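Architecture at a glance
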Amino acid sequence: MGIAEQGQPKSGETGYTVAGADANVAHMKILVIEDDLEAAAYMTNAFREAGIVADHASDGESGLFMGTENTYDVMVVDRMLPRRDGLSVISELRKRGIDTPVLILSALGQVDDRVTGLRAGGDDYLPKPYAFSELLARVEVLGRRKGKPEQYMVYRVGDLELDRLSHEVKRAGKEILLQPREFRLLEYLMKNAGQVVTRTMLLENVWDYHFDPQTNVIDVHVSRLRSKIEKDFDRPLLKTVRGAGYMIKDEG
């Protein structure tokens, strides 16, 4: 499918920044499941320009995994995907009890197509091509509808606390200053507290890499993060699991 069909801006839309965007989007995290890499790059960049954290999966199976393993405010799902089609992804998410709002993107825009998508578990349906301002507005509405409970906004592991809204990190009441990438790294680890997080998972979800850059970027950031959250504290929280990855866990 061509780029125009995949959701590049319509005539009159010349940039990513959308004036008047809902201030609440700055606290949102979404998943874009789109196989067209150029269209996906446009979308994710545009969402980030609007203040939204946007993860990307390039096929249905990867999207299903990320949507199951991570917490999102909204998912934007292309209907026609390799490995597993979009409607199948949505149906499986619903079977697993995941009620994250889903907006379906598709070149199939007839009434019957929309009804099929909504009955598969979608919450909204936007035919291609579309204006990004409309996509953003629909995502904002779905994000408000989600109404996430507080436990998803504040993560705690022992005496370590991360607030997604204020971007504050504290341990035993003491504020810890983190760089943006360190914050994303800690956020992802705390979302998966008690579970091993692999290097591949970190590359894809924290660095947005879908390949191994063959560098020690993860080790460097983990080392810096560990120093900041464990310095001057007796109990370590961030552990290296040899041959597997990393885990944050309170064993006190």
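Because the structure is a prediction, the values reported are computed rather than measured.

This part is about the overall build of the protein chain. Assigned secondary structure in the protein chain consists of eight helices and twelve strands. A buried classification covers 48% of the 252 residues belonging to the protein chain. Surface summary for the protein chain: the accessible area is close to 12,000 Å², and the carbon and sulfur share equals 48%.

Moving on: the pattern of salt bridges. Per the counting criterion, the structure on display carries 20 salt bridges. Among the ionic pairs, D73 bridges to R164, the shortest N-O distance being 3.8 Å. Placement of the pair is D73 in the loop between α2 (60-69) and β3 (74-78) and R164 in the loop between β7 (160-163) and β8 (168-171), with a sequence separation of 91 residues. Taken individually, D73 and R164 each receive the classification buried, so the pair is uniform in this respect. A salt bridge links D159 to R171; the shortest N-O distance between them is 2.8 Å. Residue D159 is located in the loop between β6 (154-157) and β7, and its partner R171 is located in strand β8; the two are separated by twelve residues in the primary sequence. Assessed through its relative accessible area of 1%, R171 is described here as buried.

With a relative accessible area of 4%, D73 lands in the buried category. Here K29 takes part through its backbone nitrogen, which lies 2.6 Å from a polar atom of the side chain of D73.

So, about the packing of aromatic side chains. Given two aromatic rings, their pairing is described by the distance between the two centres and the angle made by the two planes. Under the counting rule described, the total for this entry stands at two aromatic pairs. Centre to centre, the rings of Y42 and F132 are 6.2 Å apart; their planes meet at 80°, and the pair counts as edge-to-face. Within this pair, whereas Y42 is found in helix α1 (residues 37-49), its partner F132 is found in helix α5 (residues 132-146), the two being separated by 90 residues in sequence. For F132, a relative accessible area of 1% corresponds to the buried category. Their ring planes at 65° and their centres at 5.1 Å tell us that F47 and F132 sit as a pair that is edge-to-face. Placement of the pair is F47 in helix α1 and F132 in helix α5, with a sequence separation of 85 residues. Take F47 and F132: they sit in the same class, and that class is buried.

Let's shift gears to the environment of L142. Among the secondary structure elements, L142 is positioned in helix α5. Sequence spacing of L142 and V74 is 68 residues, and the spatial spacing of their C-alpha atoms is 6.7 Å. Discounting residues that sit within four places of it in the chain, L142 has contacts with V74, P101, V102, L103, D123 and D124.

When the UniProt feature table is mapped onto this chain numbering, "modified residue: 4-aspartylphosphate" (unreviewed entry) sits at D78. Mapped onto the elements, D78 comes out in strand β3. Given the relative accessible area of 1%, D78 is considered buried.

Across the sheet, five strands lie side by side as β2-β1-β3-β4-β5; this open sheet has parallel pairing. The open sheet has two edge strands, β2 (53-57) and β5 (124-127), and neither has a second partner. Sheet twist, expressed as the average angle between the axes of neighbouring strands with direction ignored, equals 20°. Here β3 runs beside strand β4 (residues 102-106); their pairing, made up of four bridges, is parallel. Each bridged residue has a counterpart across the sheet, and for M75 the counterpart in β4 is V102. Against the sheet, α1 contacts β1 (29-33), β2, β3 and β4, and its axis sits at roughly 165° relative to β2.

Definitions and cut-offs
- Residues numbered from 1 in each chain as written.
- Predicted model: local features only at pLDDT ≥ 70, side-chain atom pairs only at ≥ 80, totals over all residues.
- Heavy atoms only, no water.
- Helix = DSSP H or I, 4+ residues; strand = E, 2+ residues; numbered from the N terminus.
- Buried < 20%, exposed > 50% of the residue type's maximum accessible area, 1.4 Å probe, protein only.
- Areas by Shrake-Rupley, 256 points an atom, 1.4 Å probe, with all protein chains shown as cover.
- Salt bridge = Lys/Arg side-chain N within 4 Å of Asp/Glu carboxyl O.
- Polar contact = N/O pair within 3.5 Å; in protein donor to acceptor, adjacent residues only side chain to side chain.
- Phe/Tyr/Trp six-rings, centres within 6.5 Å; stacked < 30°, edge-to-face > 60°.
- Contact = heavy atoms within 4.5 Å.
- UniProt positions renumbered as here; feature names shortened; annotations may be inferred.
- Pairing = 2+ DSSP bridges.
- Axes fitted to C-alpha atoms, helices over the stretch in contact; angles between N-to-C directions.

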